[in-house]
Amino acid sequence: MILLLGSLLAVAVATLIFYIYKTRRFVRELEDSVRGRRRYLLPDSSRALQQLGLECLVRQVNELVDELNAHTEVDKDSNQQIEATLGSIQEAVLIFDDRHVIEYANESAERLFQQGRRIRGMRLESVLRSTSLLEFLDNFSAHRTTRQLHQISVEHKGEKFWFEASCSMVQPGQSGSGEVTLLVLHDITQLKRLEMIRRDFVANVSHELRTPLTIIKGFAETLVEDNATLPPESRARFLDKILNNAHRLHVLVEDLLTLSRLESKPDQVEPVVQSLRTLLEDVQESYRSRLEPGRQKIELAYDERIGDFAFDRFRINQVLDNLVENAFRYAPEFTNLVLRAELNAADGMVDCAVEDDGPGIPAKDVPHIFERFYRVDKGRSRDRGGTGLGLSITKHIILLHEGRVEAHSESGKGTRICFSLPYATETNALPVT
């Protein structure tokens with residue numbers, strides 16, 4: 001009897017040990033499944049789990065794993081959508097922690113400040129060198145209030161960029177070091193530059209108008225106050241000064257209106273298929289009477305391969321008049337003036353140029369001559385009636401024709417102003433008859 005009880009006890013202990021082993025192995029496998037977020041499956045799972053009395057537990061755990069994976073997938077899709085949205089916008093978006101370590105940067109931010117290289121993990125100060133930005137962030141940290149449209153400037157590779165910045169707190173930092181800050185930067189650099197150009201333009205126009213108006217006012221007051229005592233020759237000289245400066249004002253206003261129309265109405269250019277050679281010959285003939293006989297000449301160098309093509313005759317005539325007039329006004333010492341036109345078959349353009357062998361333009365001035373009111377010799381330009389807008393008008397006309405314009409000059413070696421026109425032989429307009 002005792003032997004039987006011992007055997008039964010041994011069997012019971014062995015069975016208990018077996019079930020304890022299986023249970024511990026199951027718990028380890030279940031723990032691995034939960035940690036790996038995967039369902040717990042066994043080939044004989046149903047019978048084995050029923051024996052252990054854990055089938056319900058496994059079912060509940062599997063349901064929780066399925067639910068967690070579903071939420072994870074939804075979060076992953078949401079994060080991908082958010083990243084795609086932030087990546088597609090033009091504004092630079094940065095998220096950083098309380099130590100100013102960048103945790104997220106969209107493509108616009110990386111393109112603006114690091115030429116597309118990854119900037120996550122870098123400190124904000126090493127990416128954006130801006131005192132005004134740091135002041136803005138310090139003020140935001142102190143008051144925790146969102147400030148919209150705060151303008152900051154950033155120095156990057158020797159250039160200054162302007163942004164409208166806004167901040168907000170979004171969530172605890174992933175590292176647990178505190179809250180993270182969302183910084184949005186809207187690039188307004190182009191607007192700032194346009195604003196500076198507008199201010200300079202207004203200042204230049206005011207200056208250009210003030211000089212002739214002051215002269216007219218001064219001489220007119222003298223004529224009124226001293227009319228009885230002024231000798232006839234002085235009166236005639238004063239009236240001549242008034243007339244000349246009134247003409248100068250008229251020319252300046254006309255150039256300003258022309259420039260304004262070209263900038264505000266691109267349809268001011270109306271290309272029509274016609275002959276460029278005829279236009280160049282007309283320009284050549286109209287300026288012959290101003291040449292000094294025996295010393296100066298004006299030549300036409302025309303590529304015979306150029307047939308009729310589309311351009312606005314009135315506007316290109318303005319361009320040629322501006323360029324030839326500049327040669328007579330600023331390089332009267334020239335002996336030979338050439339009107340040139342060549343077909344550039346490589347890029348489908350007609351390359352034109354007005355060349356003179358006058359004193360040329362200093363190298364430092366050449367890059368600026370197409371700017372409004374820029375003059376190489378300011379005093380001489382005003383004395384000779386120049387407004388400083390002719391080459392700017394020329395540039396606008398050529399750009400509206402979808403062409404190119406550039407200047408080549410060197411002191412003592414003459415000047416060559418080049419422009420190109422698309423060699424378009426078809427247009428919606430009727431050919432000139």
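Bear in mind that the values here come from a model prediction, so they are computed numbers and not experimental data.

Colleague: Lay out the nonpolar core in plain terms, naming residues and giving numbers.
Modeller: Formed by 46 residues in total, the largest nonpolar core has its most connected members in Leu276, Ile316, Leu320, Val324, Leu337 and Phe419. The dominant element in this core, judged by the number of residues it contributes, is helix H10 (residues 313–330), at seven residues. Apart from the residues within four sequence positions on either side, Leu276 is in contact with Tyr302, Phe309, Phe311, Ala341, Val350 and Cys352. Counting 23 residues, the second largest nonpolar core, distinct from the first, contains Ala92, Val127, Val154 and Leu185.

Colleague: I'd like to hear about the pattern of salt bridges, residue by residue, with values.
Modeller: Per the counting criterion, the structure on display carries 17 salt bridges. We note a salt bridge from Arg305 to Asp303, for which the minimum N-O separation is 2.8 Å. On the basis of relative accessible area, Arg305 is assigned to the exposed category, the value being 52%. With a relative accessible area of 15%, Asp303 lands in the buried category. A salt bridge links Glu325 to Arg329; the shortest N-O distance between them is 3.8 Å. Of the two residues, Glu325 and Arg329 both sit in helix H10, four residues apart, roughly one turn of that helix. The structure contains a network of salt bridges with shared partners spanning Arg277, Glu281 and Glu304.

Colleague: Can you lay out the pairing of strand S1 (residues 92–96) for me, pointing to particular residues and giving the numbers?
Modeller: Across the five residues of S1, five count as buried, placing the element largely inside the fold. The alternating pattern of S1 places Ala92, Leu94 and Phe96 and Val93 and Ile95 on opposite faces, both of which are buried. With five bridges connecting them, S1 and strand S5 (residues 179–187) associate as antiparallel partners. Paired with Ala92 across the bridge in S5 is Leu185. Count of turn residues in the S1/strand S2 (residues 102–105) antiparallel hairpin: five residues, of which His100 carries a positive phi of about 65°.

Colleague: Describe the packing of helix H7 (residues 189–225) against helix H8 (residues 232–264), listing the residues and the values that go with them.
Modeller: Viewed as axis vectors pointing N to C, H7 and H8 meet at an angle of 160°, and their least axial separation amounts to 9 Å. When the axis of H7 is compared with that of H8, the two are roughly antiparallel. Crossing geometry of H7 relative to H8 is assigned as left-handed. Here the residues of the contact of H7 with H8 are counted per class, giving 17 nonpolar, three polar and four charged.

Conventions we followed
- Residue numbers run consecutively from 1 along every chain, following the written order of its sequence.
- With the structure being a predicted model, the display of local features is reserved for residues of pLDDT at least 70 and the display and counting of side-chain atom pairs for 80 or more, all residues being used for whole-chain, interface and lining totals.
- With hydrogens and water stripped out, all remaining heavy atoms of the structure feed into the side-chain values.
- By nonpolar core is meant a set of buried Ala, Val, Leu, Ile, Met, Phe, Trp, Tyr and Cys residues that side-chain atoms within 4.5 Å join together.
- When accessible area is computed with a 1.4 Å probe and restricted to protein chains, residues below 20% of their type maximum are described as buried, those above 50% as exposed, and intermediate ones as partly exposed.
- Where helices and strands are cited, they refer to DSSP runs of H or I of at least four residues and of E of at least two residues respectively, numbered from the N terminus.
- The contact criterion used throughout is that any non-hydrogen atoms of two residues lie within 4.5 Å.
- Counted as salt bridges are all cases of a side-chain nitrogen of Lys or Arg within 4 Å of a carboxyl oxygen of Asp or Glu.
- Two strands qualify as a pair provided DSSP detects at least 2 bridges between them.
- Whenever a helix is involved, its axis is fitted only over the stretch in contact; in every case the axis is a line through C-alpha atoms, and angles between N-to-C directions fall within 0 to 180 degrees.
- Should an angle fall under 35 degrees it is taken as roughly parallel, and over 145 as roughly antiparallel, whereas 65 to 115 is taken as roughly perpendicular and any remaining angle as oblique.
- Crossing handedness is defined as follows: a turn of the near helix away from the far one that is anticlockwise and smaller than a right angle gives a left-handed crossing, while the clockwise case is right-handed.
- When residue character is reported, Ala, Val, Leu, Ile, Met, Phe, Trp, Tyr, Cys and Pro are called nonpolar, Asp, Glu, Lys and Arg charged, and the others, Gly included, polar.

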